[in-house]
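Each chain, letter by letter, is given below.
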Amino acid sequence: MWRYIFRRLLFLIPVLIGVSILIFAIIHLAPGDPAETLLGPSATAQDLEELREQLGLNESLTVQYFTFLINSLKGDFGRSIRTNNPVLEELLDRFEPSLLLAVCSMTLAIVVGLPLGVLAALRQNTWLDTFCNLTALLGFSIPGFWLGLMLMLLFSIMFPILPSSGYGSWEQLIMPAVVLGTNTMAVIARMTRSSMLEVVRQDYVRTAKAKGLNSRLILTRHILTNVLIPVVTVAGLNFGHMLGGVVITETVFSIPGIGRLIIDAIRFKDYPVVQGGILFFAFCLSLVNLGVDLLYALLDPRIKAQYRAS
Amino acid sequence: MTADTVSTKNLKSTNKEKRQSRIGEIWRRIKVNKGAVGGLLVILLLTGMAVFAPYLSPYGPNKMNAGPRLASPSLKHPLGTDSFGRDQLSRIIYGARISLYVGFIAVGIGAVFGGFIGAVVGYYGGKIDNILMRLMDVLLAVPQIILSIAIVGALGANLTNLMIAVGVSQIPRYARIVRASALSVRGQEFVEAARAIGASDLRIILENILPNCMAPIIVQSTLGVASAILSAAALSFLGLGIQPPTAEWGSMLSLGRQYMRNAPHLTFYPGLAIAIVVLALNLFGDGLRDALDPKLRQ
């Protein structure tokens, strides 16, 4: 098992190097000179030259990339052009709000989505099923930024019971978590429903019923354990989507997280922060994917045996 | 007329009949799905709205002071006016043009490049498969919208770059899906037969592999247009997509946001428009998938 984890962690390295090349290429092929953007139109040629020298912009692209790569392996992502703080420090400062937001949203999505899907499948073709399907479909289609604004309109302006933006108290986290969690909730509900419908028709469920097991035990021990595997897969796959949503939700609700940092950095052409931020997101996403694969082993003894063998 | 040409002709006509009956069968299966039919109707209606925007909209999309500023919905301005006194209904009608256009072109970019990559690597396998799929893994390692944000941020915010950004971030999806189908098709006899009569690899990929991967591509494209429209609107909302004064739903939302207290209609309707389009596309896409999925076919 540990060997499997170690091997998977090793596989992360080429992917992350790939991401770093991709992001570096996208950013450096862009038109526009960061030195000019930074100093404004009134800057003299000498000022520009000095800044370019200081930022290493005069080196060739290959040299710039390898400097960046070697430094980032040492944990040094450079300094923000805007604030002159180390990028890593900025990222770590902003990590907590993003992490908290993501964890709350995912929890909410699971807590609402899973029972919704189970109920829909148990009462297939009733009004409850239709209701769950509709909720899931709406949750899937409503743009997060609009949902955020509508919640704000409802709960901060028309009935002022929740703060409209900011970060720090749990009240401020409610609306962002709902906004970010809605899409994943819908995905989980849909997957749970279809997976349930498949599992309840399996022979082992019929056997369990035939031997007179009570229905609660059948649901928890025989059905749900098997339903969870595809559900965990889609929840994990959706995590990338959720990280994207973090960027938008943080902007809508003015939460000082990594998503907002990246957006601000892009507006100011603060390349080191953009690079570091996206690399950080890619790293998180890869770790979550690994976590999901390990969760399979926990849920399914067959998969655990497979990991052990490999 | 020789016997040979007669039989080819017959073959062609039976092929055509087969194709028609297949489309007919798919349509019959979609028809019973109320959601899918409703979705398709809404899509057609919105497309009509986009095409005939100049005839349908009561005012020009950028006509300032068409009415009082920030006016609530009224008979004269059914969806109210914005901070420049522009008629919101007209802007939403014109906005459908941009959203659908961006959605379809972006998916076109993703499906054509992704589909071709998927078909090539699925057909050849081996080294090229390894290299290109690792490249796709790299693209997939960055959340889609963040990749789009980075591309637009680097290239500059305008319509073309927005379509490129959203399209490129969709490539890996199609590549994966088509590769999976191509893998299952490439060992089949008709591919072998094509190779035996000396067809080139390119011809086999275009004429044998790709047509047999069409079902998943079509389903993914329908759902993909929905997600592309959402991404494009999100980028415009963040100020990284379509720039004012062009009427686009995402950027209308971002402008309306500043007047949420006094003029909530400015944030309500553009978002509703996005939600309706996306919902319709998702409904139709789901129905299409069920209709094309061989597992459900009886």
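Note that this is a predicted model, so its numbers are computed, not measured.

I'm lost on the side chain of N183 of chain A in this one. Help?
For N183 of chain A, the location among the structural elements is in helix α8 (residues 171-199). Sequence-distant contacts of N183 of chain A, defined by excluding residues within four places in its chain, comprise G139, F140, N238 and H241 of chain A.

Is there a simple way to think about the domain arrangement of chain A in this case?
Much of the literature gives interface size as the accessible area that the parts lose upon coming together. All names here are of chain A. Assigned domains within chain A: domain 1 (2-87) and domain 2 (93-309). Taking only C-alpha atoms, the centre of domain 1 and the centre of domain 2 are 33 Å apart. On the side of domain 2, 21 residues touch domain 1, which itself brings 23 residues to the contact. Counting each side, the surface lost to burial between domain 1 and domain 2 is near 2,200 Å², with a carbon and sulfur contribution of 75%. Ranking the residues of domain 1 by area buried against domain 2 places Y4, I27 and R82 at the top, with a combined share of 26%. Our count for the domain 1 to domain 2 interface comes out at one salt bridge. We note a salt bridge from R8 to D293, for which the minimum N-O separation is 2.4 Å. Put simply, domain 1 and domain 2 have four residue pairs in polar contact (both at pLDDT 80 or more) between them. For the side of domain 1 that touches domain 2, the secondary-structure elements that each account for two or more residues are α1 (2-28) and α2 (34-39). Considering each element in turn, the side of domain 1 that touches domain 2 owes the most residues, 12 residues, to α1.

Looking at this structure, I do not really get helix α10 (residues 214-237) of chain B. What am I missing?
Along an α-helix, a turn takes 3.6 residues, which lines up residues three or four apart on a common side. Taking 1.5 Å per residue, 24 residues should reach 34 Å; α10 of chain B reaches 33 Å between its end C-alpha atoms and fits that length. Two residues or fewer past α10 of chain B, G239 of chain B is found with a positive phi of approximately 85 degrees.

Whenever I open this one, a nonpolar patch on the surface confuses me. Can you help?
Residue and element names in this part refer to chain A. Residues L108, V111, V112, W170, I174 and V178 make up a contiguous nonpolar surface patch of roughly 510 Å² in combined accessible area. Breaking the nonpolar patch down by element, the ones donating at least two residues are α5 (87-122) and α8. The biggest single contributor to the nonpolar patch is α5, with three residues. Its location among the elements puts V111 in helix α5.

How should I be thinking about the state of the cysteines in this particular structure?
Note on terminology: a disulfide is the covalent bond linking the sulfur atoms of two cysteines. One pass over the full model with this rule turns up zero disulfides over all chains. The closest cysteine sulfur to the non-disulfide-bonded C104 of chain A is located on C284 of chain A, 16 Å from its own sulfur.

What am I meant to see in empty space enclosed by the protein here?
Under the defined criterion, the tally for this structure stands at two cavities of 30 Å³ or more. Considered as a void within the structure, the largest cavity measures approximately 90 Å³ in volume. Together, I27, A30, A265, I266, K269, D270, Y271 and V274 of chain A together with I149, A150, G153 and A154 of chain B line the largest cavity. Elements with a contribution of two residues or more to the lining of the largest cavity: α11 (258-267) and α12 (271-299) of chain A together with α6 (144-155) of chain B. Per-element tally for the lining of the largest cavity: the top contributor is α6 of chain B, with four residues. Looking at the lining of the largest cavity residue by residue, the class counts come to nine nonpolar, one polar and two charged. What the second largest cavity holds in volume is close to 60 Å³.

Where do I start with the confidence of the model for chain A in this structure?
Note: predicted coordinates in regions of low pLDDT should not be interpreted at a detailed level. Taken residue by residue, chain A gives an average pLDDT of 88. The fraction at 70 or more is 99%. Element-level pLDDT for chain A is lowest in α2 of chain A, with a mean of 73, against a maximum mean of 94 in helix α7 (residues 144-158) of chain A.

Rules of the game
Residues numbered from 1 in each chain as written. Chains lettered and ligands numbered in written order. Predicted model: local features only at pLDDT ≥ 70, side-chain atom pairs only at ≥ 80, totals over all residues. Heavy atoms only, no water. Helix = DSSP H or I, 4+ residues; strand = E, 2+ residues; numbered from the N terminus. Contact = heavy atoms within 4.5 Å. Domains from an automatic or database assignment. Buried area = accessible area lost by both parts, 1.4 Å probe. Salt bridge = Lys/Arg side-chain N within 4 Å of Asp/Glu carboxyl O. Polar contact = N/O pair within 3.5 Å; in protein donor to acceptor, adjacent residues only side chain to side chain. Expected span 1.5 Å × (residues − 1). Patch = residues over 30% accessible without salt bridge, like charges linked within 9 Å, V, L, I, M, F, W, Y side chains within 5 Å. Areas by Shrake-Rupley, 256 points an atom, 1.4 Å probe, with all protein chains shown as cover. Disulfide = S-S within 2.5 Å. 1 Å grid on protein atoms, 1.4 Å probe; cavity = no way out; pocket = protein on both sides within 12 Å on 5 of 7 lines; lining within 4 Å. Points joined across faces, edges and corners; volume = space filled by probe spheres on them. Nonpolar A, V, L, I, M, F, W, Y, C, P; charged D, E, K, R; others polar. pLDDT = per-residue confidence, 0-100.

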